[in-house]
Amino acid sequence: MRRHVAGSVFALMLERELFRSLRQESGLSYAASASYDPRGDGMAVVTAFADALPEKQRAVVGGFVDVLAGFRVGRITQTELDAVRAKRDEALCHPDAHAGRLPGLATDLLTGTRLRTLDELRAQLYAVTLADVHGAALQVLGSGLLQVPPGSRADWAGFAAAPTTSTDAIPGHTYRAVDGSGASLVLGADGVSIVEGECRATVRYRSCAVVHAWPDGARQLVGLDGIAVMVEPALFAAPADTAARIDRSVDPSIVLPMPARNPDDIPRPSPSPATGTFPPSTATFPAPTGGLPPATGVIPRTITVLPPDGVLPPATGTFPPFTGGFPPATGRFSPGNGTLPSASC
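In this text, all values refer to a predicted model and were calculated from it rather than measured experimentally.

Peer 1: Quick one: what's the story with the overall build of the protein, residue by residue and with numbers?
Peer 2: In terms of helices and strands, the protein carries 8 helices and 10 strands. Considering the protein as a whole, with its 345 residues, one finds that 28% of them fall into the buried category. Accessible area of the protein: about 22,600 Å², with a carbon and sulfur share of 58%.

Peer 1: Break down the pairing of strand 6 (residues 199-204) for me, citing the residues and quoting the values.
Peer 2: Here strand 5 (residues 191-196) runs beside strand 6; their pairing, made up of 6 bridges, is antiparallel. Residue pairing in the sheet places Ser193 in a bridge with Thr202 of strand 6. Count of turn residues in the strand 5/strand 6 antiparallel hairpin: 2 residues, of which Gly197 carries a positive phi of about 65 degrees.

Peer 1: Please set out the sheet that holds strand 8 (residues 219-223) residue by residue, giving values where relevant.
Peer 2: Taken together, the 4 strands give an open sheet; going across it, the order is 9-8-7-10, and neighbouring strands pair in mixed fashion. Since the sheet does not close on itself, it has two edges, and those belong to strand 9 (228-231) and strand 10 (255-257), each with one partner. Pairwise comparison of adjacent strand axes, ignoring direction, gives a mean angle of 15 degrees for this sheet. When strand 7 (residues 208-213) meets strand 8, the two strands line up antiparallel, connected through 5 bridges. The residue of strand 8 that forms the bridge with Val210 is Val222. Relative to the sheet, helix 8 (residues 242-249) contacts strand 7, strand 8, strand 9 and strand 10, its axis offset from that of strand 8 by approximately 30 degrees.

Peer 1: Hey, could you go over the sheet that holds strand 5 for me, with residue numbers and the actual values?
Peer 2: Spatially, the 4 strands line up as an open sheet ordered 3-4-5-6, and their pairing is antiparallel. On the outer flanks of this sheet lie strand 3 (173-176) and strand 6, each paired with one strand and no other. Each neighbouring strand pair of the sheet contributes to a mean axis angle of 15 degrees, computed without reference to strand direction. In this structure, strand 4 (residues 184-187) lies alongside strand 5, joined through 4 bridges in antiparallel fashion. In the strand pairing of strand 5, Leu187 is matched with Val192.

Cut-off values and rules
Residues numbered from 1 in each chain as written. Predicted model: local features only at pLDDT ≥ 70, side-chain atom pairs only at ≥ 80, totals over all residues. Heavy atoms only, no water. Helix = DSSP H or I, 4+ residues; strand = E, 2+ residues; numbered from the N terminus. Buried < 20%, exposed > 50% of the residue type's maximum accessible area, 1.4 Å probe, protein only. Areas by Shrake-Rupley, 256 points an atom, 1.4 Å probe, with all protein chains shown as cover. Pairing = 2+ DSSP bridges. Axes fitted to C-alpha atoms, helices over the stretch in contact; angles between N-to-C directions. Contact = heavy atoms within 4.5 Å.

Geometric descriptors of this kind do not, in isolation, establish any biological role.
Take a look at the structure:
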């Protein structure tokens, strides 16, 4: 949503209503909260959350959606607005309010937003109306995503399931994964795809929301439908200029430079198993000539019977020292000439 004080008020009211409905009234959720986080582009993100035990998850989804539906139709009262406003004003009047504002002031300073005084914030807070809150709610609900537990659905409430795979792959050049896993990277004039079996992930350049660009050449393209394609140069036998080709194909304003990754965090293909062979040894050894009697094919057995108390008496026998000797080995090994292929990365 657009960054506005009405958005922060809406987040406070949403948290209050979720807590009242899901914890105090129905006892379905222990923690229910909402937050308002400004961004550097004049927009802000509102995030709401409610936890649930496995046996109560579907009920919590239903209650959560009901709360959102109430804001959608404007089911909010002046009493609720006044309560939230008073709580927020109390925080702005607290002796530590200046210290508590430091993170927000730093964000404003870094993003080029005008710094506001506490008096300005209080004046804007009291200028918010029910219509402003309803408008903020419609902005959030009109662009929001609903994440539900596994096995739950919300299509009954008008939410369409977000795609997890793409229906098709981009036509273009295909580059196989170097580890032999069967995955493929497809680079085309219109976009990029990752294909593995029947699963496809495709991002077209014209519908790409952002490209995360790492110095090592990795690129992550995120489509407007939420599908993401991660291009790791070490995992596919793709051309060395793959990253540059992707960067040239999208709007430069959506390429987001990322900090260098720790080398240990960069994916590498698994080493290929060794396939080289060594010839068998042809060396011979002379038979030992000292001290050992010839083999008779019979292995003597000794049976020890424990006394009734289960304790063995101390050994008193002695063995004569072995005086036999072995002549030095005169056989020779032929050097191995097999070769092991180095793992390709």
